[in-house]
Amino acid sequence: MKNKIFRKALATTLSLTMAGVMLAGCGNTSEPAAATDSSGAQTEETVSQESTETAASTQAAGEQVTIQVPVWDAASNAHIAPLVEAFEAAHPDIKVELIDTASADYTQKLTVMLNGGNDLDVVWIKDGDTTPSIAARGQLEDLTPYIERDGIDLSTYSGVAETMNLNGQQVALPTATDYYILFYNKDIFDEANVEYPSNDMTWAEFEELAGQVTLGEGSEKKYGALFHTWQACVQNWGVQDGVHTILDTDYSFFKPYYEMALRMQEAGTCMDYATLKTGNISYGSVFGQGQVAMMPMGTWYMSTLIGMINNGESTVNWGIATIPHADDLEAGYTVGSTTPIGISANSQNKDAAWEFVKFVSGEEGAQIYASVGKTHALQGEDMINTIASAEGMPEGVAEALQTKNIALDRPYDEKSAEVNQMLGEEHSLIMIGELSIDDGLAEMAERSKEIQGQ
């Protein structure tokens, strides 16, 4: 085995081309702010008003309150315009002023605006794992009093909302939430005369099924499965139970899934990692061109695939199923990432900002997301049915999208991003055979402890 310095250098080189996936602090502890007039002075209105009246209490009679809301790539995000339009129609006394930023620059600009005391009212967080650092700077309002006042049931968010409770404060609520499902090619299953994947399948059954639908040889070969090169496409199945996270320092829970991936790679039932990596091969093109029977991937790929088909880039006859699960886990447990939204602790219009946060994270917002094919943390039946009825969706989508729990691929912790990068480096070394599984997991544990100061 090559020395550790060489291996870490190789790991760093491999990680440069890897795409990231999908996934403790405190804020202002005050009760919901008393209403303010248009000059920002406190009025005699109290927070005991009905939620439908709170926004009106924040301005003088006959005037609108304007709230500043940061967004990224508004023109290309199909949900932004209808969200604002619908919110303003439902709240004529509140005007939304968008602060639009390019996606690549958004997180940095948001940090600058918050640190500089900008008059932001809403804090929309693009990279969820930055939430703890924002909260640690005291820049997020505790939403707990608002949630209790308006009777918001956090249990309807499939476990995602609880991850945004930091040090006893609910610093944000979830909005757009993508999670892993199983895409499959119906034509390959039909050719192999094998039944389509079910919505209650174990990973062991998935591995066996991949062998049954691996067809042909050479350039005409159709593989039973594809695990994309992201470490998430192996490691996620270890955190799927919602108990383990990437911040654990004993990574033995990853071992069964590395064993499965390497076993399938050796058997030729899944595409080879090194080939995918060195060729910089896109998972979307591989599945879209009909080369694989099954692929675990995020819900975001549904709209992408429909677009490919509509543009004549693919003719794949596809379907989806619930992501497979461990033997001791029930169907409906999956892994994903979410987009948090909260209130700026420095906002002068907190009640109006709460109305927007509540709208976007609630039923109305979920329906608007669904109408443009985007999944939302609020897993209501209406939302699922709206997505399932969208043009181009295959049969069975409503059943496949049901979830019981969505574990975050990256927990809300200030060390998550650094640990995640390290795991990607070691993942590459395991998948190309530079490290054994046991040695790779031991390296992960050692480096994770160093990063987390343990």
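All chains use their own residue numbering, which begins from 1 and follows the written sequence. For this predicted model, a pLDDT threshold of at least 70 governs which residues receive local features, and a threshold of 80 or more governs which side-chain atom pairs are given and counted, while totals over whole chains, interfaces and linings are taken from all residues. In computing side-chain values, all of the structure's heavy atoms are included and hydrogens and water are not.

Draft legend 1. Structural view of helix α13 (residues 300-310). To sort residues, take the accessible area from a 1.4 Å probe on protein chains only and compare it with the maximum for the residue type: under 20% means buried, over 50% means exposed, and anything in between is partly exposed. Here a strand is any run of E in DSSP of at least two residues, a helix any run of H or I of at least four, and the numbering for each starts at the N terminus. Those residues of α13 that fall on the buried side of the exposure criterion are Y301, M302, L305, I306 and M308. Buried residues of α13, seen end-on, are gathered within an arc of 160 degrees and therefore sit on one face of the element. Contacts were defined at the residue level, with two residues in contact if any of their heavy atoms lie within 4.5 Å. Buried residues belonging to α13 abut β6 (173-185), α12 (283-288), β8 (292-298), β9 (318-322) and α16 (381-388). Positive backbone phi, approximately 80 degrees, marks G312, located one or two places after α13. Here the arc refers to the set of directions running from the helix axis out to each C-beta atom.

Draft legend 2. Molecular detail of helix α10 (residues 255-267). For α10, which comprises 13 residues, the first-to-last C-alpha distance of 18 Å matches the rise-based estimate of 18 Å (1.5 Å per residue) to within 8%. For α10, the complete set of buried residues consists of Y257, Y258, M260, A261, M264 and Q265. Take α10 and look down its axis: the buried residues cluster within an arc of 160 degrees, on one side only. Exposed and facing more than 90 degrees away from the buried side of α10 are E266 and A267. Buried residues along α10 sit against α8 (203-212), β7 (223-225), α9 (232-239), α11 (273-278), α18 (416-431) and α19 (437-452). Count one or two residues on from α10 and you reach G268, which has phi positive near 80 degrees. Multiplying 1.5 Å by the residue count of a helix minus one yields the expected span of that helix.

Draft legend 3. Representation of the packing of aromatic side chains within the structure. A pair of aromatic rings is counted whenever rings of Phe, Tyr or Trp (Trp by its six-membered ring) have centres within 6.5 Å, and the orientation is called stacked for planes under 30 degrees apart, edge-to-face for over 60 and tilted otherwise. In total, this model carries 25 aromatic pairs according to the counting rule given. Measuring from ring centre to ring centre gives 5.6 Å for Y180 and W237, while their planes differ by 80 degrees; the resulting arrangement is edge-to-face. Here Y180, found in strand β6, pairs with W237, found in helix α9; they are 57 residues apart in sequence, far enough to count as distant. Both residues of the pair, Y180 and W237, count as buried.

Draft legend 4. Spatial organisation of the pattern of salt bridges. The term salt bridge refers to a pairing of a side-chain nitrogen on Lys or Arg with a carboxyl oxygen on Asp or Glu at a separation within 4 Å. Across all of its chains, the model carries 11 salt bridges by this definition. Close ionic contact of R410 with D129 constitutes a salt bridge, the shortest N to O distance being 3.4 Å. Here D129 lies in the loop between β3 (122-124) and α5 (131-136) and R410 lies in the loop between β11 (405-408) and α18, a separation of 281 residues in the sequence. Accessibility assignment for this pair places R410 and D129 in one class, buried. Between E141 and K350 there is a salt bridge whose closest N-O contact spans 3.0 Å. Taken as a pair, E141 in the loop between α5 and α6 (144-150) and K350 in helix α14 (residues 350-361) lie far apart in primary sequence, 209 residues in all.

Draft legend 5. Main features of the environment of M271. Within the secondary structure layout, M271 lies in the loop between α10 and α11. Along the primary structure M271 and F227 are separated by 44 residues, whereas in three dimensions their C-alpha atoms are 7.3 Å apart.

Draft legend 6. Region of the structure containing the environment of C233. Looking at the secondary structure, you find C233 in helix α9. Here C233 falls in the buried class, since its relative accessible area comes to 1%. As for C233 and Y257, which are separated by 24 residues in sequence, their C-alpha atoms are 9.4 Å apart. Once you skip the residues sitting within four places of it in the chain, C233 turns out to touch Y180, F227, H228, P296 and M297.

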